[in-house]
Amino acid sequence: MRSTLRRGRAWPLRGFGPALPALVFLFVFMVAPLAVLFLRSVTEPTLGLGNYAELLGDATYGRVLFNTFTVATVVTVVTLALGYPVAWLLVILPSRVARWLFAIILLSMWTNLLARTYGWMVLLQRTGVINRTLMDLGLISEPLPLVNNLAGVTIGMTYIMLPFIILPLHATLSAIDPAIMQAASIAGARPRQIFFRVLLPLSLPGIGAGCLMVFVMALGYYVTPALLGGASTTMLAELIAQQVQSLLNWGLGSAAAFILLTVTLILYAIYVRAIGLGRPQ
Amino acid sequence: MSSTAPVLVSIRDLVKRFGPTTAVDGVSLDVAQGEFLTFLGSSGSGKTTTLFIVAGFEDPTGGDVLIDGRSVLSVAPNKRNIGMVFQRYTLFPHLSVFDNVAFPLAVRRRPRHEIEQAVKETLALVRLEEFAARKPGQLSGGQQQRVALARALVYKPRILLMDEPLAALDKKLREEIQIEIRRIHRELGVTILYVTHDQEEALRLSDRIAVFSHGRVVQVGSGADLYERPADAFVAGFIGNSNFLPARVRGVDAERTAVELPNGAVVAGRTDSALASGGEASLMIRPEKLFLVNGRDAPDANYDCRVDVTLRDSTYLGDSLQREVVTPWGQCLMVRQTGDAEALSHAGTGAALTLCWHSGDARVFRKTAGSSAPRS
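This structure is a prediction, so every number in the text was calculated from the model and none was measured. (Residues numbered from 1 in each chain as written. Chains lettered and ligands numbered in written order. Predicted model: local features only at pLDDT ≥ 70, side-chain atom pairs only at ≥ 80, totals over all residues. Heavy atoms only, no water.)

J.: What exactly am I supposed to notice about the interface of chain B and chain A here?
T.: Bring the parts together and some accessible area is lost; that lost area is often taken as the interface size. If you look at the interface, chain B gives 23 residues, while chain A gives 17 residues. Both sides together, the interface formed by chain B and chain A hides about 1,900 Å², and carbon and sulfur atoms give 62% of it. The interface formed by chain B and chain A includes one salt bridge. Across the contact surface, chain B and chain A share six residue pairs in polar contact (both at pLDDT 80 or more). Where the side of chain B that touches chain A is concerned, the elements lending two or more residues are α1 (47–55), β6 (82–85) and α2 (97–107) of chain B. With four residues, α2 of chain B is the single largest residue contributor to the side of chain B that touches chain A. Looking at the side of chain B that touches chain A residue by residue, the classes come out as 16 nonpolar, three polar and four charged. (Contact = heavy atoms within 4.5 Å. Buried area = accessible area lost by both parts, 1.4 Å probe. Salt bridge = Lys/Arg side-chain N within 4 Å of Asp/Glu carboxyl O. Polar contact = N/O pair within 3.5 Å; in protein donor to acceptor, adjacent residues only side chain to side chain. Helix = DSSP H or I, 4+ residues; strand = E, 2+ residues; numbered from the N terminus. Nonpolar A, V, L, I, M, F, W, Y, C, P; charged D, E, K, R; others polar.)

Structure below.
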């Protein structure tokens, strides 16, 4: 025992050899560019934190940050609300049926993102399938505003994010012994009480992992907000693209990217603190 | 348990099919109030399924379960007011020991002071007061099952179901907790339905034992009933050790059934079932009811059955001497001698001896498929 510990300390890099190519790759193509990006954010156009001050101080940019967090939060909440029952269904369904459901979920995930987003446009726009059907049925007289607003972004992104919350939740839920729920039931707990007092607390690691994944992905999402959102729902990723591509304002774009990265890392740190590295104890 | 205690749980003609397989095949049992009844059987015998139907986790295909004379089949498990301890560890891992035991009262929305009082008392009952603040993961398996027992008892259910709660524990710990369970049963007078595949555990704990085989109850009775008067070869083989001798029925009278052994010797045994003369049968006799004498010694008048055998092996077990002898037809039998085992200890392997027993200690069973197989 003691000798393995000592050896572990003497050779801290043992076993790193095979990981070296990936580490080199990450360094050259991620760490180094990030460093360059950070330098640009504090040097262009002038040395200092001017870009950050502008982003956090200006009302327009503040609006973008607010939009970003609003969309990410709404999408995360809706995804969790929709995904949790599906993950539970995957656990309790007979395995033959569950395999089919799994295949459908994965298939939707593997379909091209642009194709899916344009698909939603066809469904959601003013003259789209949904509005047309509802009007033909006489349920509405005016087309519902389902696209170029928060609703459109939420619908499109929730759909894309669902697998990312279902998969970690399913892993957590299927690790819970059903006998624990039986024990709660025979002890007198009603189904609601079993859910809130037993199942939900036990699935927190999966909820945390899934929500973190969805929230972080949503924060930096570009394609779907750009296509299904409107001017009022501009998100940070769109701002970055705009600054870098159209305005060639690398300094401000880099600063925005770094704010995004910092928020992500803070959220991750909170998650690791609260729940651990995805291992339910 | 006295037969005057009123029936609390009544299981009637219970049938449970899973697709083409029949797990429970017409089980009927009455459990008296305060009784400790054990379902004993090997895995797949239907004992756990029967228990789960009583708990409400499975719906029967047919039959009924009555508690206090009322059918509970339409009552959800959480409304049956039954306590249960499971084979696997089912404590809530996110709650402390205290909160685990408090859970049944918390979901019943009992006032806080009442909960605290009841949890303290129940933890004291299983001798785990000082562990109240721990999480289940910090307890040993035996402690976890005692907490599970406390959680099942804290709301004072009249019926406690236990599904092999000690199966995952080692032998010494198991015996310790068996003693605790007996004490708790005595102190609380709760009616217990206990499932196990361990005949020793069943004998140690139960007032009565129901022996399960292939979805049916083969026999119900006290440990002594099952050991001394097994209903058939299966029960005889399942409870304790037995020797089964192939036999042919020669004559039947009120007291004894005479059978012919393969070497032509005619011996006798008791029987409950009617046997046809000339039919194939099986003579069962316990190892401790067999005696070995030297061929030259005067026959003991008590032992009216005799067979010549050859000694194959002797094993000294401290409190007894276990001998293996071979019959003229090549069958190996077990003999356990206690007391003056010294008398024959000089007899070496290969010695010619006479095996004798009293016909009242032997039982004759109808020949059934695999009747000589069980040996546990």
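J.: Sorry, what's going on with a nonpolar patch on the surface here?
T.: All names here are of chain A. Side chains of Phe16, Leu20, Leu23, Val24, Phe25, Leu26, Phe27, Val28, Phe29, Met30 and Val31 sit close together on the surface and give an oily, nonpolar patch of about 1,100 Å² of accessible area. Its place among the elements puts Met30 in helix α2 (residues 20–43). For Met30, a relative accessible area of 43% gives the class partly exposed. (Patch = residues over 30% accessible without salt bridge, like charges linked within 9 Å, V, L, I, M, F, W, Y side chains within 5 Å. Areas by Shrake-Rupley, 256 points an atom, 1.4 Å probe, with all protein chains shown as cover. Buried < 20%, exposed > 50% of the residue type's maximum accessible area, 1.4 Å probe, protein only.)

J.: Just to check I follow, could you spell out the sheet that holds strand β17 (residues 321–326) of chain B for this structure?
T.: Sheet strands pair by backbone hydrogen bonding; their relative direction is either parallel or antiparallel. Residues and elements named next belong to chain B. If you trace the five strands from one edge of the open sheet to the other, you get β15-β19-β16-β17-β18, paired in antiparallel fashion. The strands lining the two open edges of the sheet, one partner per strand, are β15 (291–294) and β18 (332–337). For this sheet the average axis-to-axis angle between neighbouring strands, irrespective of direction, equals 50 degrees. Pairing of strand β16 (residues 305–316) with strand β19 (residues 352–357), which is carried by six bridges, proceeds in the antiparallel orientation. (Pairing = 2+ DSSP bridges. Axes fitted to C-alpha atoms, helices over the stretch in contact; angles between N-to-C directions.)

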